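Secondary and tertiary structure notes
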Number of protein chains: 2
Amino acid sequence: MAISEAESVVMEVLWRAAPRSAEEILAEVGPAQDWQEGTVKSLLNRLLKKKAVKAERDGRRYLYTPLLAREKYVSQESKGLLDRLFDGRVAPLVAHFSEQRKLTKKDIAELRKLLKELDDEQH
Amino acid sequence: MAISEAESVVMEVLWRAAPRSAEEILAEVGPAQDWQEGTVKSLLNRLLKKKAVKAERDGRRYLYTPLLAREKYVSQESKGLLDRLFDGRVAPLVAHFSEQRKLTKKDIAELRKLLKELDDEQH
DNA sequence: CACCACCGTTTACGTATGTAAGCGGACTCA
DNA sequence: TGAGTCCGCTTACATACGTAAACGGTGGTG
């Protein structure tokens, strides 16, 4: 089953640092999301069911650790978008942003560098 | 409200050609999705409520036309993904695909061309 | 004019999601 | 040892979504 939007917020916290307790997660995410404790706990339980995180006992509480790697999640999501909207290819997506004038100087510089590296690798 | 996955399939049909009747939409999408007629009708009604399409009478039936431009939808979806996963910037996304070896020759060639064009524009 | 076919609208229903309150067991402190 | 506290687990509830059946009006046909 897919990781939902709200669940992914919890995952992001765990990807930044793990293991973490529910309380720590709430502390990090609560202010921005305005969530109650019960909300975080529910999300953690759903993530457990989905095997996206594991829990290990630490005294009276649990510490949660991601089982799903961020890298993998990012790949799935990105591929999904690309397939749905850009015929599965990267260039049209970049072209789209370019047309929308959404490429920053920094983006352009980094893309140049990236292509150069790919070029160097070639030989 | 957001356009759902199933709804976007109907939108894609209408973006390819519009206006179209429910029947025509079903004909184009039914085989691939294995949907019944009622399903397409529900999706169209939800899209109407969301103001993503409009309907105009054509004799005893309606013809549906997108109100939401594909360009705009694509922008929203892409920006959403970028913001959620790549800190809102394009280069890291491309880098991700590069690391995953998901850039095709064609992608690379097109990216090169794109950058060159941006460069030319500059002067 | 009565009936059927066609097409949109209404209703349905199970699951997912966002958001959380309530329950119950274990640990602690008086 | 009885009461309070902390924490996970269970339950709740409204909305969204996927999927579709049932209903109802309108125009054509015999």
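Because the structure is a prediction, the values reported are computed rather than measured.

Here the focus is helix H2 (residues 22-33) of chain A. Residues that lie three or four places apart on an α-helix share one face, since the helix turns once every 3.6 residues. Residue and element names in this part refer to chain A. Listed as buried for H2 are Ala22, Ile25, Leu26, Val29 and Gly30. End-on view of H2: buried residues confined to an arc of 125°, all on one side of the axis. Facing away from the buried side of H2 by more than 90 degrees, the exposed set consists of Ala27, Pro31 and Ala32. Against helix H1 (5-16), strand E1 (20-21), helix H3 (37-49) and strand E3 (61-66) lie the buried residues of H2. Immediately beyond the C-terminal end of H2, within one or two residues, lies Asp34, with a positive phi of roughly 55°.

Let us look at the protein's contact with DNA strand C. Near DNA strand C you find 23 residues, and of these Ser4, Trp35, Ser42 and Arg46 of chain A together with Tyr62 of chain B are the closest. Counted by atom, the contact set of DNA strand C within 4 Å of the protein is 62% sugar and phosphate. For DNA strand C, a phosphate oxygen lies 3.1 Å from a polar atom in the backbone of Ala6 of chain A. Those elements that provide at least two residues to the surface near DNA strand C are H1 and H3 of chain A together with helix H3 (37-49) and strand E3 (61-66) of chain B. Here the surface near DNA strand C takes five residues from H3 of chain A, the largest share from any one element. Considered class by class, the residues forming the surface near DNA strand C number eight nonpolar, six polar and nine charged.

Take the sheet that holds strand E2 (residues 53-58) of chain A next. Residues and elements named next belong to chain A. Spatially, three strands are ordered E1-E3-E2 in an open sheet, and the strand pairing comes out antiparallel. The sheet terminates laterally at E1 and E2, the two strands that pair on one side only. With respect to the sheet, H3 is in contact with E2 and E3, its orientation differing from that of E2 by roughly 115°.

This next bit is on the packing of aromatic side chains. All names here are of chain A. Within the structure shown, the criterion is met by two aromatic pairs over all chains. Seen in terms of ring centroids, Trp15 and Tyr73 are 5.4 Å apart; in terms of plane orientation they differ by 40°. Their pairing is tilted. Placement of the pair is Trp15 in helix H1 and Tyr73 in helix H4 (residues 70-85), with a sequence separation of 58 residues. Neither residue differs from the other here; Trp15 and Tyr73 are each classed as buried.

A separate point is the domain arrangement of chain A. Much of the literature gives interface size as the accessible area that the parts lose upon coming together. Examined at the domain level, chain A breaks down into domain 1 (5-66) and domain 2 (88-123). Averaged C-alpha coordinates put domain 1 of chain A and domain 2 of chain A at centres separated by 35 Å.

What follows concerns helix H5 (residues 90-99) of chain B. Of all 10 residues in H5 of chain B, seven are buried, a share of seventy percent or more. The complete set of buried residues in H5 of chain B reads Val90, Ala91, Leu93, Val94, His96, Phe97 and Ser98 of chain B. For H5 of chain B, the secondary structure elements touched by its buried residues are H4, helix H5 (90-99) and helix H6 (105-122) of chain A together with helix H4 (70-85) and helix H6 (105-121) of chain B. Residue Arg101 of chain B follows H5 of chain B closely and has a positive phi angle near 55°.

Our next topic: the nonpolar core. Core analysis: the largest hydrophobic core is formed by 74 residues, its most contacted members being Val94 of chain A together with Val94 of chain B. Ignoring any residue separated from it by four or fewer positions in sequence, one finds Val94 of chain A in contact with Leu103 and Leu111 of chain A together with Val90, Val94, Leu111 and Leu114 of chain B.

The rules behind the values
Residues numbered from 1 in each chain as written. Chains lettered and ligands numbered in written order. Predicted model: local features only at pLDDT ≥ 70, side-chain atom pairs only at ≥ 80, totals over all residues. Heavy atoms only, no water. Buried < 20%, exposed > 50% of the residue type's maximum accessible area, 1.4 Å probe, protein only. Helix = DSSP H or I, 4+ residues; strand = E, 2+ residues; numbered from the N terminus. Arc of directions from axis to C-beta. Contact = heavy atoms within 4.5 Å. Near = heavy atom within 4 Å. Polar contact = N/O pair within 3.5 Å; in protein donor to acceptor, adjacent residues only side chain to side chain. Nonpolar A, V, L, I, M, F, W, Y, C, P; charged D, E, K, R; others polar. Pairing = 2+ DSSP bridges. Axes fitted to C-alpha atoms, helices over the stretch in contact; angles between N-to-C directions. Phe/Tyr/Trp six-rings, centres within 6.5 Å; stacked < 30°, edge-to-face > 60°. Domains from an automatic or database assignment. Core = buried A, V, L, I, M, F, W, Y, C linked by side-chain atoms within 4.5 Å.

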